[in-house]
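The lines below spell out each chain.
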Amino acid sequence: MDAAPPSRAAQVLRDARRAVILTGAGVSAESGVPTFRDDLTGLWAQFDAERLATPEAFHADPDLVWGWYEWRRARVRAAEPNPGHRAIAAIQDRIPDSVVITQNVDDLHERAGTRSAIHLHGSLFAPRCVSEARHPATFPDARDGEVAGPDEGRRIPPPRCATCGWLVRPGVVWFGEALPEAALAAAVEAAAACDVLLAVGTSGVVYPAAAIPAIAGESGATVIQVNPEPTPLDRVCDINLRGTAGQILPTLVT
Ligand code: BJW
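As recorded in an unreviewed UniProt entry, the protein chain goes by the name NAD-dependent protein deacylase, listed as coming from Rugosimonospora africana. Here is the UniProt Subcellular location (unreviewed entry) comment for the protein chain, exactly as written: "Cytoplasm". Taken directly from UniProt, the Function (unreviewed entry) text for the protein chain runs: "NAD-dependent lysine deacetylase and desuccinylase that specifically removes acetyl and succinyl groups on target proteins. Modulates the activities of several proteins which are inactive in their acylated form."

Here you go:
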């Protein structure tokens, strides 16, 4: 491990021909979007994941779960990309053969100018029909004024799929659900082929995403991490930069 100044990481990125940038909730924290596992402000410090973020929870109380995700969606809509998101877009511009892989369900990478991000855990903005049928879920979008406050007890009935009448569910990946097959395959392929992987703002505890830095490292890539806290990924990283995404990432593209 190397708690090196950012200059070494900046040099590695300047020399890179193929890069992967893997992000987690920490990259959006400075935009005001809460992480999951931070002690006081993380979503799981305030809300019960088992009642809100599992298929069983949606089955048991769809109005509760839909209301909570509508609140999350409204928070993201009100947020703006931060310097960390913009620096990632700049890195991608400099290294044409580069891939952004995110565990985040927000759209802040795209709004910062990232060409296309692989969303391993889905998107708040792509709800789908629970029937799993291969048709798009068409439904009326909630108006901002109707969105719940930060109260997990605020229920909003999910819309019905206009095509088949089944419930529409959030388009995210809950615990116990498989990740989108094509997205995971593309992520693994990119990690195995890159010469640098930059992991930003992830606790590195949720699989299979947490395995991606090791796949890159085992294939010979230099693995760089940006996180204010130690994580289980420290041991697979060649360079650990302690600090926030908004502070550190812009220094890597100057
Ligand atoms: C900053 C910062 C700043 C703060 N700048 N940094 C036992 C062992 C191994 C695996 C398992 C196990 N038991 C079960 C499993 C599997 C399970 C899993 O991994 N569980 C672990 C928790 C143990 N995984 C799954 O279930 C996955 N599916 C699966 O495995 O399927 C198998 C299957 C195959 C075939 C058929 C069926 C099944 C699915 C995982 C889905 C995860 N879903 C969530 C919710 C998404 C929807 C939503 O948003 O509501 O995804 S959980 C949550 O965690 C979310 C995140 O994407 C994910 C990762 O979190 P992330 O991004 O790392 O955030 P945090 O909060 O954890 O960390 C933030 C970090 O940022 C911290 O380190 C801070 O220090 C840092 N930070 N400010 C930079 N300014």
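So that's the structure; there's more coming.
What follows covers the site of the ligand. For the ligand, the set of nearby residues contains 35 residues, the closest of which are Gly24, Gly26, Gln103, Gly201 and Ser203. Grouping the constituent residues of the shell around the ligand by class yields 17 nonpolar, 13 polar and five charged. No fewer than three residues from each of domain 1 (1–32 + 81–123 + 178–254) and domain 2 (34–78 + 128–169) sit in the shell around the ligand.

Below, the discussion takes up helix H7 (residues 83–94). Taking 1.5 Å of rise per residue, 12 residues should cover 16 Å, and H7 covers 16 Å from first to last C-alpha, within 8% of that figure. Along H7, the positions that sit buried rather than exposed are Gly84, His85, Arg86, Ala87, Ile88, Ala89, Ile91 and Gln92.

Attention now moves to the pairing of strand S7 (residues 222–226). Counting buried positions along S7 yields five of five residues, so the element is predominantly enclosed. Here S7 shows a buried face lined by Thr222, Ile224 and Val226 and a second buried face lined by Val223 and Gln225. Note: strand S6 (residues 196–200) against S7, five bridges, orientation parallel. Residue pairing in the sheet places Leu198 in a bridge with Ile224 of S7. Read as a crossover between parallel neighbours, the route from S6 over helix H10 (residues 212–218) to S7 is right-handed.

As a further point, take the domain arrangement of the protein chain. Assigned domains of the protein chain: these are domain 1 (1–32 + 81–123 + 178–254) and domain 2 (34–78 + 128–169). With six residues of domain 1 at the contact, the number on the domain 2 side is four residues. Looking at side-chain class alone, the side of domain 1 that touches domain 2 contains two nonpolar, two polar and two charged residues.

With that settled, the discussion passes to unusual backbone geometry. The amide bond that connects Tyr207 to the next residue, Pro208, takes the cis arrangement and shows omega of 5°. Assignment of secondary structure puts Pro208 in the loop between S6 and H10.

Our next topic: the environment of Arg128. With respect to the element layout, Arg128 can be found in strand S4 (residues 128–129). Considering only alpha carbons, one finds Arg128 and Val172, 44 residues apart in sequence, at a separation of 9.0 Å.

Once that is clear, we can look at the pairing of strand S1 (residues 18–23). The side chains of a regular strand alternate, residue by residue, between the two faces of the sheet. Counted residue by residue, S1 has five buried out of six residues, so it is predominantly covered. Two elements, S1 and strand S2 (residues 97–102), share six bridges in a ladder whose sense is parallel. When the bridges of S2 are listed, Arg18 appears paired with Asp97.

The next point concerns helix H9 (residues 181–193). For H9, which comprises 13 residues, the first-to-last C-alpha distance of 18 Å matches the rise-based estimate of 18 Å (1.5 Å per residue) to within 8%. Ala187, Ala190 and Ala191 are the residues of H9 that are buried. Viewed along the axis of H9, the buried residues span an arc of 100°, placing them on a single side of the element. Opposite the buried face of H9, by more than 90 degrees, sit the exposed residues Glu181, Ala182, Ala185 and Glu189. Those residues of H9 that are buried are in contact with S1, S2, strand S3 (117–119), S6 and H10.

When the UniProt feature table is mapped onto this chain numbering, "active site" (unreviewed entry) sits at His121. Examined against the element boundaries, His121 turns out to sit in the loop between S3 and S4. The exposure class assigned to His121 is partly exposed, which follows from the 19 C-beta atoms found within 10 Å. The contact partners of His121, leaving out residues within four places of it in the chain, are Gln103, Val105, Val172 and Val173.

Ranked by size, the top nonpolar core spans 48 residues in total, and within it Ala19, Val20, Val196 and Leu197 carry the most contacts. Counting residues per element, this core draws most heavily on S6, which supplies five residues. Sequence-distant contacts of Val20, that is, excluding residues within four places in its chain, are made with Val99, Ile101, Ala190, Ala191, Cys194, Leu197 and Ala216. Membership of the second largest hydrophobic core comes to 13 residues, among which are Ala25, Ala29, Ala53 and Val105.

The rules behind these values
Numbering of residues starts from 1 in every chain and runs along the sequence as written. Restriction of local features to residues with pLDDT of at least 70 applies here, the model being predicted, together with a cutoff of 80 or more for giving and counting side-chain atom pairs; totals for whole chains, interfaces and linings are based on all residues. UniProt positions are given in the numbering used here, feature names are shortened, and annotations may be inferred rather than shown by experiment. In this analysis, residues qualify as near a molecule or strand once their C-beta atom, positioned from backbone atoms, comes within 6 Å of it. Asp, Glu, Lys and Arg are counted as charged, while Ala, Val, Leu, Ile, Met, Phe, Trp, Tyr, Cys and Pro are counted as nonpolar; the rest, among them Gly, fall into the polar class. Reported domain spans reflect what an automatic or database domain assignment gives. Secondary structure counts use DSSP, requiring at least four H or I residues in a row for a helix and at least two E residues in a row for a strand, with both numbered from the N terminus. Any helix carries an expected span of 1.5 Å times its number of residues minus one. Partly exposed residues are those whose C-beta has more than 12 but fewer than 20 other C-beta atoms within 10 Å; 20 or more makes a residue buried and 12 or fewer makes it exposed, with C-beta atoms placed from the backbone. When DSSP locates at least two bridges between a pair of strands, those strands are taken to pair. Handedness of a crossover: with both strands directed away from the viewer, a clockwise path from the first strand across the helix to the second marks it as right-handed. Any residue pair is listed as a contact if its two C-beta atoms, each placed from the backbone, are within 7 Å. Read the arc as the range of directions from the helix axis to the C-beta atoms. We define a nonpolar core as a collection of buried residues of the types Ala, Val, Leu, Ile, Met, Phe, Trp, Tyr and Cys that are connected via C-beta atoms lying within 7 Å of each other.

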